[in-house]
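Spelled out from the first residue to the last, the chains are:
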Amino acid sequence: LMNKDIRIHSWPCSYYLDTTKQWVSGRLSLTPVAIKFTADKTGELLVDFHLSSISEIKKESSNLIFSSLTVLERSTKHWFSSLQPNRNVVFNILEHFWREQLLSSQGAGAEAASLQSTKGKELTGLLTGSQKRLEDTAKVLHYQGEQFDNIMRGLNKIEGDMDVADRLLTELESPSWWPFSSKLWKAPSENKPKETAAVSDPKNQEGILIGIPVIITHRTDSNVKPGKLTLFASGLEISDSSGQVIHRFEARDVDDIRVHTPYEISVRQRFIGKPDTSFRLLSAKMPEAIPILEMQFSKKIQFLEDALGFVGATKSPQVDLGTSVWQAATGLLGGVVQPSSPVGSREGMDNDQAQLQKQEKISQEEAKELKQILKKLKGLALETEAELERQDEALDSITSSVECATLSVHKHNRRIKRLT
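Residues numbered from 1 in each chain as written. Predicted model: local features only at pLDDT ≥ 70, side-chain atom pairs only at ≥ 80, totals over all residues. Heavy atoms only, no water.

What am I meant to see in a negative patch on the surface here?
Among the surface-exposed residues, E389, D392, E393 and D396 lie close enough to one another that they form a single negatively charged patch. Along the chain, the position of E389 falls in helix α10 (residues 364-419). We classify E389 as exposed; its relative accessible area is 52%. (Patch = residues over 30% accessible without salt bridge, like charges linked within 9 Å, V, L, I, M, F, W, Y side chains within 5 Å. Areas by Shrake-Rupley, 256 points an atom, 1.4 Å probe, with all protein chains shown as cover. Salt bridge = Lys/Arg side-chain N within 4 Å of Asp/Glu carboxyl O. Lys, Arg positive; Asp, Glu negative; His and termini not counted. Charge placed at Lys NZ, Arg CZ, Asp CG, Glu CD. Helix = DSSP H or I, 4+ residues; strand = E, 2+ residues; numbered from the N terminus. Buried < 20%, exposed > 50% of the residue type's maximum accessible area, 1.4 Å probe, protein only.)

In this structure, what is going on with helix α1 (residues 87-103)? I would like to understand it.
Along an α-helix, residues three or four positions apart point the same way, because every turn accommodates 3.6 residues. Along its 17 residues, α1 runs 24 Å from first to last C-alpha, staying within 8% of the 24 Å computed at 1.5 Å per residue. Of all 17 residues in α1, twelve are buried; the element is thus mostly enclosed. Within the sequence span of α1, burial applies to V89, V90, F91, N92, I93, L94, E95, H96, F97, W98, E100 and Q101. Put simply, N86 is the residue that caps the front of α1, since its side-chain oxygen is 3.1 Å from the backbone nitrogen of N88. (Expected span 1.5 Å × (residues − 1). Polar contact = N/O pair within 3.5 Å; in protein donor to acceptor, adjacent residues only side chain to side chain.)

Hey, could you run me through the side chain of S283 in this one?
For S283, the location among the structural elements is in the loop between β14 (277-282) and α6 (286-296). Reaching out from S283, the side chain makes a polar contact with the backbone nitrogen of K285 at a distance of 3.0 Å.

Help me understand the nonpolar core in this model?
Nonpolar side chains in soluble globular proteins generally cluster together in the buried interior. L28, L30 and L94 are the most contacted members of the largest nonpolar core, which has 32 residues in total. Listing elements by their share of this core, those giving two or more residues are β1 (9-17), β2 (22-30), β3 (34-39), β4 (45-50), β5 (54-60), β6 (68-73) and α1. Top contributing element to this core by residue count: α1, with seven residues. The residue makeup of this core includes at least three contributed by each of domain 1 (9-104) and domain 2 (208-307). (Core = buried A, V, L, I, M, F, W, Y, C linked by side-chain atoms within 4.5 Å. Domains from an automatic or database assignment.)

Even after reading the chapter, I still don't get unusual backbone geometry, so can you show me in this structure?
In terms of backbone geometry, most residues other than glycine have negative phi values and most peptide bonds are trans. In this structure, the amide linkage connecting Q84 to the following residue, P85, adopts the cis form with an omega of 10 degrees. Note that P85 resides in the loop between β7 (76-81) and α1. One non-glycine residue, K21, adopts positive backbone phi at about 55 degrees. With respect to the helices, strands and loops of the structure, K21 is situated in the loop between β1 and β2. K21 sits in the exposed class, given a relative accessible area of 55%. Even without being glycine, S82 reaches a positive phi, approximately 50 degrees.

Any chance you could explain the packing of aromatic side chains here in plain terms?
Tallied over the full model, the rule gives six aromatic pairs. Relative to F80, the ring of Y15 lies with its centre 5.2 Å away and its plane at 40 degrees, an arrangement referred to as tilted. Of the two residues, Y15 sits in strand β1 while F80 sits in strand β7, which places them 65 residues apart along the sequence. A centroid spacing of 6.2 Å and a plane angle of 55 degrees characterise the contact between F37 and F80, whose relative ring orientation is tilted. Taken together, the residues F37 in strand β3 and F80 in strand β7 connect sequence positions 43 residues apart. Grouping aromatic residues by their ring pairs yields a cluster made of Y15, F37 and F80. Across the ring face of F232, the terminal group of R248 is positioned such that the distance to the ring centre comes to 4.7 Å. Above the plane of the ring of F271 lies K274, whose end atom (NZ or CZ) is 4.5 Å from the centre. (Phe/Tyr/Trp six-rings, centres within 6.5 Å; stacked < 30°, edge-to-face > 60°. Lys NZ or Arg CZ within 6 Å of the ring centre and 35° of its normal.)

Help me understand the pairing of β14 in this model?
The element β14 is extensively covered by neighbouring structure, given that five of its six residues are classed as buried. As paired strands, strand β8 (residues 208-218) and β14 are joined by four bridges and run antiparallel to one another. Residue pairing across strands places H218 opposite F279, the latter belonging to β14. Across six bridges, strand β13 (residues 264-269) lies against β14 in antiparallel orientation. (Pairing = 2+ DSSP bridges.)

Have a look at this one:
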C-alpha cells in the first residue's frame with residue numbers, strides 16, 4: 001500500500017497562530033491524505049489534519065492580510081500567507097488533492113476505514129490492481145499487434161511491387177524480337193489498385209488506456225494550471241481543463257520521463273538549437289498511471305530518489321511476461337496461496353480458497369471474490385502470453401521479408417545500372 005506519510009510538496013509560508021495572535025514562519029506540507037504545517041524556529045507541528053475533514057479552500061485578502069489562503073477544517077479556519085512561489089500554485093495543488101480525496105472510493109472517513117481494513121480486502125485490492133495492469137498490458141499488446149499486421153501488409157505490397165519491377169526489368173532486358181514481352185506484366189498491374197486499397201485502410205481508432213486529472217507546469221514556469229493527462233497505446237496527450245489539447249507526445253517523441261514522486265512526473269522531448277518541450281505533471285491519481293508509463297516507456301523512464309520505493313511496490317506484471325505472466329500475477333498473493341497447489345486445476349483452486357480462509361481470518365465472501373479474480377488473472381495471462389508468441393512469430397516473418405526485399409532492391413539496382 002502507498003505510504004500515506006510521503007510528502008508530495010511543501011511550500012515556505014506563514015501561518016496565523018490564533019493562540020498567540022501572531023504569524024509564524026514555517027513550511028506547509030501536503031501528503032496524499034493530510035495537510036501539515038511545521039514552524040521553522042521550534043520545529044513544532046502546528047497543523048495536522050486529514051484532507052477529508054476540509055470543507056472549503058479559498059483565496060482571501062483584506063486590509064490587514066494580503067494574498068492569503070484559508071482552509072476551513074470542520075469549524076476551524078486556518079490562515080496561510082506569504083506563500084512561495086505564489087498563492088495560485090499552492091491553491092491549485094491543494095484543491096486538486098482535496099477534491100480527488102473526496103471523489104475517491106475512500107471518501108470522507110478514509111482514515112477510520114483504513115484502520116478496519118482486513119487482509120482479505122487488501123488482497124482483493126491488490127489483485128484487482130494487478131488485473132487492471134494486465135488488461136492495460138493486453139491493450140498495448142493489441143495495438144502493437146495491429147502495427148505488426150500493418151507492417152506485414154506493407155511488406156506484402158512491397159513484395160508485389162518487386163514482382164512487377166522484376167517483370168518490367170525482364171521485358172527491358174528481353175530482345176526486341178521476343179513476341180510475348182508486352183504481356184508479361186499486364187496482369188499483375190491490374191491487381192495493383194486492390195493491393196493499394198488494402199494497405200491504405202484508415203488507422204483504427206485507438207482506445208484510451210487511462211485518463212487522469214493533473215496539475216500542469218510547462219517548462220520552468222512558476223504558474224500551474226489544472227488539466228488532464230490521457231495515455232494512449234501510441235503516446236500521451238496533455239489537455240487543459242476545457243479539454244483543449246495543449247500538447248500530444250507520440251511515443252517516439254518522448255526522450256525521457258522522470259518520476260519525481262509517486263504523484264509527480266516530468267515528460268520531455270529534446271531539440272537541437274531550440275528549447276526542449278517539457279511538462280511537469282502532478283496528480284493524486286498518478287500512481288495509477290505510472291505502471292502504464294513504465295510498461296510503455298521502460299527504456300526512457302527514470303525513478304528519482306523519492307520514487308524508488310514506489311517502483312518496487314508497483315512493478316507491472318509485464319516485467320515477468322517473458323518467463324511467466326501467470327507466476328507474476330499469482331505471486332502477488334505473497335505466500336497466502338500455497339505455491340505447491342496446481343494453479344490451473346479445480347483441486348488447486350479449492351485448496352487456495354481454504355488456505356485463504358485459514359490465514360488472517362479471511363471471510364468466505366472475500367475468499368470467493370479472490371478466487372474469481374484469480375481465474376480472470378489466469379485467463380488474461382494466458383491470452384497475453386499467446387499474443388506475445390504471435391508477435392514474436394510476426395517479428396521473425398517481418399525480419400525475413402525485409403531481408404528478402406533488401407536483396408531484391410540491390411539486385412534490381414544492378415540490373416538497372418546494366419540497362420543504363
